[in-house]
Structure formats: C-alpha cells, structure tokens
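Results of the structural survey
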Amino acid sequence: MRTPTPIDLRTLSREELERLAEDLGEPRYRGRQLFKWIYGKGAVSVAQMTDLPKSFRAELARRTCITRLEPVRQLTASDQTIKVLFRLPSGRHIESVLIPDFDETGRVRRLTVCVSSQVGCAMGCAFCATGLMGFQQNLTAGEIYDQVWQLNQLAETRFGRRITNVVYMGMGEPLLNYDAVLRSVALLTDRDGLGLSPRRITVSTVGLARRIRKLADDRVRFRLAVSLHAPTNAQRSAIMPVNRSEQTDLDDLIEAIRYFEQRTGQIITYEYCLFEGFNDRPEDAHRLADLTRRAPGKVNLILYNPVEGLPFCRPSEARLQAFIRVLVARGVTVTVRRSRGQDINAACGQLAIREPTRSEV
Ligand code: SF4
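Quick look at the structure, then. Everything quoted here is computed from the prediction, not taken from an experiment.

Checked against the element boundaries, aspartate 190 lands in the loop between α6 (178–189) and β10 (201–205). Given the relative accessible area of 15%, aspartate 190 is considered buried. For aspartate 190, the side chain forms a polar contact with the main-chain nitrogen of aspartate 192, separated by 2.8 Å. Leaving out residues up to four positions away in the same chain, aspartate 190 has contacts with Arg14, Phe35 and Gly195.

See below:
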C-alpha cells in the first residue's frame with residue numbers, strides 16, 4: 001500500500017489549518033495555534049509545538065511535513081547586499097537577496113528582501129539572465145514565505161533589525177504563479193505571520209494585461225510595479241516577447257493599468273531599464289511621458305546591469321541626466337534605482353542559477 005503524500009503545513013492558510021485541526025478531531029483554535037507556530041515562530045517540526053496535545057502532534061507528524069528551504073550558499077557584496085542561494089525540496093535552486101539601505105550616518109534606513117516566485121522564467125526578456133534559464137517550476141506560497149522568513153532572521157543577525165520591505169522582483173514572473181503569490185502576501189501581512197503592511201510589499205510584473213485586471217478585481221492592497229522598458233510597441237516587442245502576445249501589447253497594457261488604478265485607487269510604478277542607444281534618447285523620454293499621461297504612474301529608471309553574453313550596455317551618466325530632464329520637464333515623478341550587489345550578480349536582471357560546486361555546498 002502506498003503511503004499518502006504528507007500535507008505541507010507551510011502552504012496552508014489560517015482557515016485551512018483550522019479545518020485540518022477539525023478533521024483531526026481537534027477544536028478549530030488548534031489551527032490558529034498551528035498558524036502561529038509555522039508562520040510566526042518559524043517552526044520546522046511539530047515536535048517544537050509544545051503547547052499542542054501530544055496525541056495531536058503525533059497525528060500531525062504522521063500526516064504532514066513543513067517545507068523549509070535549505071540555504072546552500074551566501075554571498076555578501078561590497079555594499080552589504082547579501083544574496084542567498086536556496087535549495088528547494090524539489091532539488092532545484094532559487095536566489096533571494098537582502099538589500100540594506102543606509103542613511104548618511106551609516107544607519108540602516110530600510111531592509112528590503114527581493115524574493116523569487118518561480119525557478120527560471122518563461123517570459124524570455126532579451127536582457128535578463130533569468131530568462132535565459134527558461135521556466136522550470138512554480139514556487140509554493142510556503143516557499144516564497146520561507147525566503148522572507150529566513151532573510152528576516154539574517155537581517156536581525158547582521159543588522160540588528162527586522163526587514164521593512166518585500167519586493168517580488170527575483171526570479172520568475174509573479175503573475176504566472178498568481179495564487180501562490182497572493183497566498184504568500186496574505187501570510188506575510190497576517191499579524192500572526194510577519195505582520196508586514198501591504199504598502200511595503202511590491203509585486204513586479206512584466207505586464208500581463210489580463211492578470212493585472214484580475215488583481216484589480218481581487219482588490220489587492222500591495223503595490224504594483226510594471227516593467228515597461230520601452231515606450232513603443234516596436235521597441236518593446238524587440239526586447240520583450242510578451243508584448244507580441246495576444247492581448248498584451250502596449251495599448252492593452254495601458255488600458256489594464258488604467259482599470260487597476262480606477263478599481264484599487266492605487267498609482268503604479270513603471271520600471272524602465274535604460275539601454276544605451278535603444279530606449280534612452282530624449283524622444284523615448286517624451287513618448288514615455290505620453291504613456292504616463294494615459295495611465296498615471298511614477299517612473300523608476302533602472303541602470304542596466306550587464307549580463308555576460310547579452311548585447312546591451314548601460315548608458316552614460318550624461319544620457320541618464322538628459323533623459324531625466326525631459327521627464328521632469330513633462331511633470332513626471334522620476335526615481336533612479338542604482339542597482340545594488342552588482343559584484344555578486346545580485347542586481348536586477350542578474351539572478352540566474354550557477355549550480356553550487358561541491359566545495360561551496
Ligand atoms: Fe522573466 Fe522578469 Fe527576466 Fe523578463 S525580466 S525574463 S519577466 S524574470
């Protein structure tokens with residue numbers, strides 16, 4: 001007889017844990033206790049859950065397991081950004097990044113965790129290291145949560161304080177793993193989980209129009225960032241295959257963003273990575289400003305981080321400043337993201353797995 005696959009407790013919501021407790025003949029509140037142990041205290045085994053009856057723990061030990069990602073390599077950049085390589089239960093690997101932001105006196109102002117939502121990515125953007133890997137697997141909500149949990153522990157050890165922000169900008173397209181991403185946000189914001197404010201969580205998408213509409217209908221409260229990277233269909237299609245797909249060209253995308261903003265009352269952020277000679281000319285800046293008129297949003301300019309084997313270059317400071325001048329003159333709110341952790345390939349668009357060698361593991 002085959003033994004049934006154990007239920008992974010670190011994928012279940014509060015309600016599902018309450019139901020599980022009832023199914024095992026316990027009162028519902030035992031499910032709430034389970035939730036606190038798993039998501040609030042980071043328990044990795046039911047043996048740790050000492051306030052649960054012994055018989056319940058024994059039953060749980062027989063029928064369930066708790067996912068935990070195994071950290072296999074950790075690299076610290078000169079700017080204190082830390083990249084962690086995790087092994088998933090499937091044996092595949094993902095990367096997560098802890099990014100400290102310091103004030104002028106050297107005190108930590110913000111600690112951001114950048115999480116992966118998939119292994120690899122199917123979207124194939126021409127400038128991205130993760131895209132080169134192709135899609136391999138979706139992560140569960142628990143696997144996404146555990147990245148944040150473990151990097152929060154690391155933040156407390158290294159910097160003496162908790163993380164402040166989470167961005168879904170690591171490997172993968174979050175909206176292609178929609179349910180797990182939304183479930184993980186619910187766990188991160190639960191007061192018995194990590195208790196983060198949804199305003200401090202940003203999900204970044206390549207711009208899947210239908211899924212953006214679904215987010216609007218689901219009335220999500222986290223922040224949304226859309227990777228635009230080009231102001232015309234011709235330019236965008238050249239570097240982002242998604243723009244050539246049905247119902248996701250620039251016009252569909254802008255319409256979906258308008259819908260999102262109307263329904264949620266939130267203004268999105270346009271991510272715009274500058275590639276020298278491709279999308280960084282003053283006329284590109286004017287076209288970008290035109291788009292932000294149609295669907296308002298802040299523009300976050302990203303300086304491209306070169307990826308070995310890809311033909312794109314980062315523009316000079318002078319070209320960047322000229323681009324900014326046009327946007328500011330057109331009344332657009334602009335920020336510049338000067339990527340962090342470049343010397344360990346932890347910067348935006350650089351996450352791709354180099355499997356650890358034996359000596360590194
Ligand atoms: Fe996927 Fe984002 Fe890379 Fe595009 S930029 S291939 S969506 S991970």
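A few words now on the site of the ligand. In the vicinity of the ligand, the contacting residues are Cys121, Met123, Gly124, Cys125, Phe127, Cys128, Thr130, Gly131, Gly172 and Val206. Residue composition of the shell around the ligand, grouped by class: six nonpolar, four polar and no charged.

What follows is about the nonpolar core. Counting residues in hydrophobic clusters, the biggest one holds 105 residues, and the most contacted among them are Leu98 and Tyr168. Take this core: its biggest share by element is nine residues, from helix α5 (residues 141–159). Once you skip the residues sitting within four places of it in the chain, leucine 98 turns out to touch Gln80, Thr81, Ile82, Leu111, Thr112, Val113, Leu151, Leu154, Ala155, Phe159 and Ile163.

Two descriptors summarise a pair of aromatic rings, namely the distance from one centre to the other and the angle between the planes of the rings. Counted by the stated rule, this structure contains nine aromatic pairs. Ring centres of phenylalanine 275 and phenylalanine 278 lie 6.3 Å apart, and the angle between their planes is 65 degrees; this geometry places the pair in the edge-to-face category. Judged by its relative accessible area of 1%, phenylalanine 275 falls in the buried class. Residue phenylalanine 278 is classed as partly exposed on the basis of its relative accessible area, which comes to 22%. Residues tyrosine 304 and phenylalanine 312 carry aromatic rings whose centres are separated by 6.0 Å and whose planes lie at 75 degrees to one another, so their mutual orientation is edge-to-face. The pair tyrosine 304 / phenylalanine 312 is uniform in exposure class, with both members buried. Among the aromatic residues, those joined into a cluster by ring pairs are Phe127, Phe275, Phe278, Tyr304 and Phe312.

On to the sheet that holds strand β11 (residues 223–227), then. Across the sheet, which stays open at both edges, the ten strands sit in the order β3-β4-β5-β6-β9-β10-β11-β12-β13-β14 with mixed pairing between neighbours. In this open sheet, the two edge strands, each paired with only one partner strand, are β3 (70–76) and β14 (334–337). Each adjacent strand pair in this sheet contributes to an overall mean axis angle of 25 degrees, direction not counted. In this structure, β10 lies alongside β11, joined through four bridges in parallel fashion. The partner of valine 203 across the bridge, within β11, is leucine 224. Where helix α10 (residues 282–294) meets the sheet, it contacts β12 (268–274) and β13 (297–303), and its direction lies at approximately 165 degrees from that of β12.

Conventions used here
- Sequence order as written defines the numbering, with residues in each chain counted from 1.
- Per-residue local features are limited, in this predicted model, to residues with pLDDT of at least 70; the limit for side-chain atom pairs, both in listing and counting, is 80 or more; totals at the level of whole chains, interfaces and linings are taken over all residues.
- Note: side-chain values were computed over all heavy atoms of the structure, leaving out hydrogens and water.
- Segments assigned H or I by DSSP are reported as helices when at least four residues long, segments assigned E as strands when at least two residues long, and all are numbered from the N terminus.
- Residue exposure (1.4 Å probe, protein chains only): buried if accessible area is under 20% of the type maximum, exposed if over 50%, otherwise partly exposed.
- Identification of polar contacts relies on pairs of N or O atoms within 3.5 Å, with a donor-acceptor requirement for protein atoms, meaning one able to donate a hydrogen and the other able to accept it, and with residues adjacent in sequence counted only if both atoms are side-chain atoms.
- It only takes one pair of heavy atoms within 4.5 Å for two residues to be counted as in contact.
- Only a single heavy atom is needed: when it lies within 4 Å of a molecule or strand, its residue is near that molecule or strand.
- Here the nonpolar group is Ala, Val, Leu, Ile, Met, Phe, Trp, Tyr, Cys and Pro; Asp, Glu, Lys and Arg are the charged ones; every other residue, Gly included, is treated as polar.
- We define a nonpolar core as any set of buried Ala, Val, Leu, Ile, Met, Phe, Trp, Tyr and Cys residues linked to one another through side-chain atoms lying within 4.5 Å.
- The rule is short: rings of Phe, Tyr and Trp, with Trp giving its six-membered ring, pair when the centres are within 6.5 Å, and they are stacked under 30 degrees, edge-to-face over 60, tilted in between.
- Here, any two strands with at least 2 DSSP bridges between them count as paired.
- Helix axes are fitted only over the stretch in contact, all axes being lines through C-alpha atoms; the angle between N-to-C directions runs from 0 to 180 degrees.

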